[in-house]
Amino acid sequence: MIPQADARTDLPHQHEKKRIKGDGENDIEIQDAAAEKEFDQKREDGLCLFLQHWGLTSQSLSELGQQKDSFGMAWMSMCMMESYGNLVAPPRAVELSGSSGLSAQKISLLLSRLPPSVVEMTIDSAVVRGPGLPLFLRFLQRLRVAREEGKEAPRLTSFTFKSNSLGHMGPPWIFPLLLPSLEILCLKGNPLGFEGLKALAECIKKGSASSLLYLDLEGCGLSRRHVVALSQAIEACPLLSLETLILSKNEFADSGLRVLCQTALSVEALPRLRVLLLKQCDVERWGFKRLCEDVLAKGCLPSLEILDLEGNVIESKFLLRTLSPSLRADAVPSLKKLYLNQDKPKQRLIIPTAHLPDAVEVFLNALSADERPPQLHHVSLRLDAVSAEQARSLGTAGKYPSIKTLSLSLGQGGSLPFLRGIVDSPPLVSVSAPPSFSVSVSSASSVSVSEPPAGNPSFEVLDLDLDLGNTLNEGLALVGRGIRMGRFTSLRRLNFEGGLEQEESWDEGKRAFFSALQIENLCLPLLTHLAMPWLSLSDDEVGILSKAAQSGQLPALQSLNLECNFSLTSGTCMHLIDLVKKTDRGLEELKLEGSSAGQGFVVFLYEHDVDSWASDIVPFRTRMKNFQNLSTLNLSNSDMDTDALEGFALAVHEGLFRGLSDLDLSSNPGPSSQAWEGFMTRVAESAEGGLRKLKVLNLLETNAAEGGGAVVRALSSGNLESLENLQCDALKFDQQAVDILGEALREGRLPPSLRLHSRPPWTLVAGEGGERVNLDPLVQGISESPQGRLCPHIAPSSVALSGGRISPAGVAALAAGYRAGKVAGDVDEVSLCDTALTDRAMAKLGFAVERGDLCGISALRLNDNPEVGKKGVED
């Protein structure tokens, strides 16, 4: 039974016992009561000190409330805050996503105790699906009643639904209760379906969303039909306060964008719109033309500051030519940032460039014209067919003074002229010349540098993707010269492309580039991303990068891409480990695919003496703490062997990679299946967080799938709770593995957003005597799962059980799972081929079909079951 929301059983008593005055005996009772009062006061004082010392924050409260073991502490803390909340700053935000082992009832209990100070909330499917939905609706109804009656209660102004948290049933009930108080609503990554979007549109049409400042619908599966409903609602009841509208990653294409332009994108409907994100919406030329001519050029969005159209399929010259007339102060007076990088256009959209005027020239003229938007300072675009003169003018300091931030992707024809424009520009800032000096490139060579730093970067922030092709030597040398001259202090991103399938040596260019990184007191203060794939780098050159980072010359470096440098060895990994260990924060992204650097992870075994575990583990964690900041690590095809995997597993066990969200260990056939089972066991048994933030794990073309039971044990341990995408060969399941999976499903311990991307997701391994695997634990786990649906975990649209054995009870359980919605709607095929079905099992199946349990599937496969006779078929 859930305690009432106003229960105070955990609070100290605030009243005294009834006193009886009289003889001496009663005098003694009064003395005991006074002592009790003093004791109560001391207890209250202690609790006050505890609350003050702890300093309860939004983050600590959320972390406590997410775990089964610490839930009671979160509950007690909020009870204490009701009486002693004035002693600490009350929390403003609470996150109830990623809860581990908590029932919907307990989460609801926590919601009932939220202090009135809470205005921001983040939740996931545990709160708004299954048994959690009615409890959550009760919570929202209580908040609405409190608002209407003027009572003290949380007034939520910001609400985030984590990806894939909303089911199809929730939105029509949730939105009417939630939206009236909201200023920020984030539905990113939640496929709403038409009913969900219709519920949102109805709320907008009724004026319930009038307070919204920020609406995020990224990746919500919006088609033209959805956009029509949304646009008509906004047109009917304008969102006068809305400042940010995010529609990215919805493939509504040209037809959907035209609808937006005709209705919602106007000064009447969205007068305060500052940010419009239309990234990766499958927009082509005609939808873009309508946006430019019917909305931007006519001044329909006068408050617009940021426009993001990246990742669509608009041919670049058409894009620039069509957009340029809109870049006027009277049309987009507030425009500050433009994001225009496009994916490769579809073949039918490619038009001969001779049929268009020089779009690049028109665009650059618009950027330098007197009537340009006065605040425009950031432009991100790809120029593949830029002329040498245009590229050079872009690189020339002062040519386009309004462009302070430039993200530029240049092909071979534009890369060198742009770099020459940077290097050859006359300095605007006078810098006194230091004396000449020499720097050592390696033990075998040195380069004399005589030119002084000249200062004057052309931009405040510069992102460069340079496709240098066979001009790589000269391009590297120009970048090195620009670094020595101080022209690249604004460089934030540098990606070299070239060298692929080239037999020419790049030693000369690399020598010039790496020599610049060795010059003392020269710094690239903004450089966060450096990509040097396919450049045949050596371990020594990576060592130069590492030392430059350690010495403070690359203080902001977060991402390093060294993919496909096949000459790198395990020595490179040693250099990179030093980089991570000895810099302030280490790296956030490291890509070593296609090298032999993976063998270097054996260093973790040498860094930690397993035999002296207790004495050595603390300094080991201290030395390696920066690895916790890594979010992306790609070791695909990196020659990892068994020792290296064991070393990496040890580091995972000790929580050194707890910050990873993307891990690629694919194409490493060296480690044995036993080594992979050891890795998974280390993950499952880690008490230091394991890989709890990991979202993508790639184990394709390894021996990891051989130990399917160990993989499932790791998945159900809670140390992979955020995993969404497991790319792995078909897992091999013996009876033990099936039992583990069934139990994990029944107890709801698999990651809620997990998807298995192999087809089939598993293969069954018969016992030593050839006995079939009993599948009953699996299908019963599906039927009894509180998380409820097996097949959000499986990408293919079928459930394959072939090769095992399923009893009549198992068939009934599988049908019950379908009837209860425990199998996702996109699973439209069930295969019971070769599952040792009997006549009794067929009778159970026939009853389920007759009752309509399997009406949602399009194919039911039953062949290769020789024990089924005529009676079974008739039944």
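Higher on the page you've got the structure.
Note that this is a predicted model, so its numbers are computed, not measured. (Residues numbered from 1 in each chain as written. Predicted model: local features only at pLDDT ≥ 70, side-chain atom pairs only at ≥ 80, totals over all residues. Heavy atoms only, no water.)

J.: Explain the nonpolar core to me, please; I cannot follow it from the model alone.
T.: Across soluble globular proteins, nonpolar side chains have a tendency to be buried as a group. Within the largest apolar cluster, 228 residues are counted, with the highest numbers of intra-cluster contacts made by Ile174, Phe418 and Phe657. The greatest single-element share of this core, amounting to seven residues, is contributed by helix α6 (residues 132–149). (Core = buried A, V, L, I, M, F, W, Y, C linked by side-chain atoms within 4.5 Å. Buried < 20%, exposed > 50% of the residue type's maximum accessible area, 1.4 Å probe, protein only. Helix = DSSP H or I, 4+ residues; strand = E, 2+ residues; numbered from the N terminus.)

J.: Looking at this structure, how should I read the pairing of strand β14 (residues 461–467)?
T.: Consecutive side chains along a regular strand alternate between the two faces of the sheet. Buried residues dominate β14, accounting for six of its seven residues. As judged from the six bridges shared by strand β11 (residues 405–410) and β14, these two strands associate in the parallel manner. The residue of β14 that forms the bridge with Leu408 is Leu464. One ladder, built from six bridges, connects β14 with strand β15 (residues 491–497); its direction is parallel. (Pairing = 2+ DSSP bridges.)

J.: Looking at this structure, how should I read the packing of helix α24 (residues 708–715) against helix α25 (residues 735–746)?
T.: For any two helices packed against each other, the geometry comes down to the angle between their axes and how far apart the axes lie. The N-to-C vectors of α24 and α25 enclose an angle of 15°; their axes lie 8 Å apart at closest approach. As judged from the angle between their axes, α24 and α25 are roughly parallel. Viewed along their axes, α24 and α25 form a crossing whose handedness is left-handed. Where α24 approaches α25, its residues Gly708, Gly709, Val712 and Arg713 are matched on the opposing element by Gln736, Ala737, Ile740 and Leu741. (Axes fitted to C-alpha atoms, helices over the stretch in contact; angles between N-to-C directions. Parallel < 35°, antiparallel > 145°, perpendicular 65-115°, else oblique. Left-handed = near helix turned anticlockwise from the far one by under 90°. Contact = heavy atoms within 4.5 Å.)

J.: Please explain the packing of aromatic side chains as it appears in this structure.
T.: Summed over all chains, the structure comprises 12 aromatic pairs. Considering the side-chain rings of Phe136 and Phe159, the 5.9 Å spacing of their centres and the 55° angle between planes classify their relative orientation as tilted. Taken together, the residues Phe136 in helix α6 and Phe159 in strand β3 (residues 158–161) connect sequence positions 23 residues apart. With relative accessibility at 1%, the residue Phe136 sits in the buried group. Ring geometry for Trp286 and Phe318: centres 6.3 Å apart, planes at 75°, overall edge-to-face. Remark: Phe318 occurs in helix α12 (residues 316–323) and Trp286 occurs in helix α11 (residues 285–296); sequence separation between them is 32 residues. According to the relative accessible area criterion, Trp286 is partly exposed, its value standing at 46%. (Phe/Tyr/Trp six-rings, centres within 6.5 Å; stacked < 30°, edge-to-face > 60°.)

J.: I tried to follow helix α27 (residues 808–819) on my own but got confused; where do I start?
T.: Side chains of residues three or four places apart in an α-helix project in the same direction, reflecting 3.6 residues per turn. In this model α27 runs 17 Å from its N-terminal to its C-terminal C-alpha over 12 residues, within 8% of the 16 Å that 1.5 Å per residue would give. Burial within α27 is extensive, with nine of its 12 residues counted as buried. Within α27 the residues assigned to the buried category are Pro808, Gly810, Val811, Ala813, Leu814, Ala815, Ala816, Gly817 and Tyr818. (Expected span 1.5 Å × (residues − 1).)

J.: Just checking my understanding: could you explain helix α18 (residues 539–550) for this structure?
T.: End to end, α18 covers 16 Å across 12 residues, agreeing with the expected 16 Å (1.5 Å per residue, within 8%). Within α18, nine of the 12 residues are buried, which leaves the element mostly enclosed by the surrounding structure. If you check which residues of α18 are buried, you get Asp539, Glu541, Val542, Gly543, Ile544, Leu545, Ser546, Ala548 and Ala549. Phi turns positive, to about 90°, at Gly552, one or two residues after α18.

J.: What am I meant to see in the pattern of salt bridges here?
T.: Pairs can form between side chains of opposite charge once their charged atoms are near each other. Tallying each qualifying case throughout the model produces 22 salt bridges. A salt bridge links Arg328 to Asp330; the shortest N-O distance between them is 2.9 Å. With a relative accessible area of 59%, Asp330 lands in the exposed category. Here the salt bridges share partners, and the residues they tie into one network are Glu243, Arg272, Arg274, Glu305 and Lys336. (Salt bridge = Lys/Arg side-chain N within 4 Å of Asp/Glu carboxyl O.)

J.: For this particular structure, what's the right way to read the environment of Glu460?
T.: For Glu460, the position within the fold is in the loop between β13 (445–449) and β14. Between the C-alpha atoms of Glu460 and Thr405, which are 55 residues apart in sequence, the distance is 5.8 Å. Setting aside chain neighbours within four positions, we find Glu460 in contact with Lys404, Ser490 and Leu526.

J.: Looking at this structure, I do not really get a negative patch on the surface. What am I missing?
T.: Together, Asp639, Asp641, Asp643 and Glu646 make up a negatively charged patch on the protein surface. Looking at the secondary structure, you find Glu646 in helix α22 (residues 642–653). (Patch = residues over 30% accessible without salt bridge, like charges linked within 9 Å, V, L, I, M, F, W, Y side chains within 5 Å. Areas by Shrake-Rupley, 256 points an atom, 1.4 Å probe, with all protein chains shown as cover. Lys, Arg positive; Asp, Glu negative; His and termini not counted. Charge placed at Lys NZ, Arg CZ, Asp CG, Glu CD.)

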